[in-house]
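What the coordinates show
Letter by letter, the chains look like this.
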Amino acid sequence: MLRILLFSLLTISSGVFGSSLELVSDDDLLNHIKNENFVVALFTKKDCDACENMENELIQVREDLVDSLSAWVVKVVNSQLLRLYSPNKEPALVYFRNGNPLLYDGPLDGEEILRTFIDNQKPIVKELTDETFEHLTQASSGATTGDWFIMFYSADCIECQRMGARWEAVGSKIKQRVNVARMNKHTTGASTARRFNVFEVPEFIFFRQGKMYRYQIPKYDVNSFVSFARDWYRNARIEKVPVPQSPFDDFTQMIANALRENPWIMKLGSITIGVVVIVSVASKLRRKAEVPQKKAK
């Protein structure tokens, strides 16, 4: 009798918890992201058929996600966090690996979701610096390490922060043929950014066989980036990759960039020079005017 009762309770529990994903608040989600290795979060909203369809697909592979990754599989409704990871509205599916987000951008298919998450348990996007860029990319010598697609970003750029999950998604789709990376324009990648005349962020440059192609398409969705890296780059203007700059050339470029980004410096300099010239001319005229008076005496 006791065994039958326990079985009944387990059956009821399975039915309850199997019918929907665990609902968590934004604070709960942040806590999971901070403390768990793997978290799968479905961002959803009420009265949304597309959201329900995605949740049903996720429910079908939830057990596999738990068994394979020991992942927490949860959903959040009308979350304020969504805009940090996706440019679109609900539904959105984000996979956190030790806090590093990857936006799922594939078909509505549970098996494809499972495969994508299992295949990308570690972050794909590499962090390059001025010290490692040339050694790892071989950009100016013909890119013997393969093609590279690099995002230049800065810590104070909101759009750059929102690109993180999408850029990981781009990396997951093309990692077999293209290295995907990022560089901080203002700190560890400042010299490299000056070398390639990167002024605004985010900026994306594709490097292939000693040539570089700037991504200048006003669409920052995953498919557009993937298409560009696969073949659309051929439609962009070709630039030869410049050789690494000498310390003097880099310093000169840094000054030029500072003047370009802060035009008030140039104006202030012009005003200062103008004042100096006026004072100098006035001083000479005064001395000339004093000379004849001395001779007359």
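1. Here's the deal with the layout of surface pockets
Unoccupied space between atoms shows up once a probe the size of one water molecule is rolled over them. Quantified by volume, the largest pocket comes out at close to 240 Å³. Lining the largest pocket are 18 residues, with Asn88, Pro91, Leu103, Tyr104 and Asp105 sitting closest to its centre. Among the secondary structure elements, those contributing two or more residues to the lining of the largest pocket are β4 (92–97) and α8 (222–230). Partitioning the lining of the largest pocket into residue classes produces 10 nonpolar, 4 polar and 4 charged.

2. Quick look at the state of the cysteines
In a disulfide, the sulfur atoms of two cysteines are covalently bonded to one another. Considering all chains together, one arrives at 2 disulfides under this definition. A sulfur-sulfur separation of 2.3 Å characterises the disulfide bridge that pairs Cys48 with Cys51. Taking the torsion about the sulfur-sulfur bond, which here is approximately 75°, the covalent link between Cys48 and Cys51 counts as right-handed. Pair check on accessibility: Cys48 and Cys51 agree, each one buried. Here Cys157 pairs with Cys160 through a disulfide, and the sulfurs are 2.4 Å apart. Judged by the sign of its S-S torsion, about 80°, the bond between Cys157 and Cys160 is right-handed. Exposure class is identical for Cys157 and Cys160. Each is buried.

3. Regarding the packing of helix α3 (residues 49–69) against helix α4 (residues 110–119)
Across the interface, α3 lies against α4 with an axial gap of 8 Å and an inter-helix angle of 25°. Taken together, the axis directions place α3 and α4 in an arrangement best described as roughly parallel. Two packed elements cross with a definite hand, and for α3 against α4 that hand is right-handed. Along the contact surface, α3 presents Glu57, Leu58, Val61, Asp64, Leu65, Ser68 and Leu69, while α4 presents Gly110, Glu111, Ile113, Leu114, Phe117 and Ile118. Along the lines of polarity and charge, the residues of the contact of α3 with α4 split into 8 nonpolar, 2 polar and 3 charged.

Procedures and definitions
- Residues numbered from 1 in each chain as written.
- Predicted model: local features only at pLDDT ≥ 70, side-chain atom pairs only at ≥ 80, totals over all residues.
- Heavy atoms only, no water.
- 1 Å grid on protein atoms, 1.4 Å probe; cavity = no way out; pocket = protein on both sides within 12 Å on 5 of 7 lines; lining within 4 Å.
- Points joined across faces, edges and corners; volume = space filled by probe spheres on them.
- Helix = DSSP H or I, 4+ residues; strand = E, 2+ residues; numbered from the N terminus.
- Nonpolar A, V, L, I, M, F, W, Y, C, P; charged D, E, K, R; others polar.
- Disulfide = S-S within 2.5 Å.
- Buried < 20%, exposed > 50% of the residue type's maximum accessible area, 1.4 Å probe, protein only.
- Axes fitted to C-alpha atoms, helices over the stretch in contact; angles between N-to-C directions.
- Parallel < 35°, antiparallel > 145°, perpendicular 65-115°, else oblique.
- Left-handed = near helix turned anticlockwise from the far one by under 90°.
- Contact = heavy atoms within 4.5 Å.

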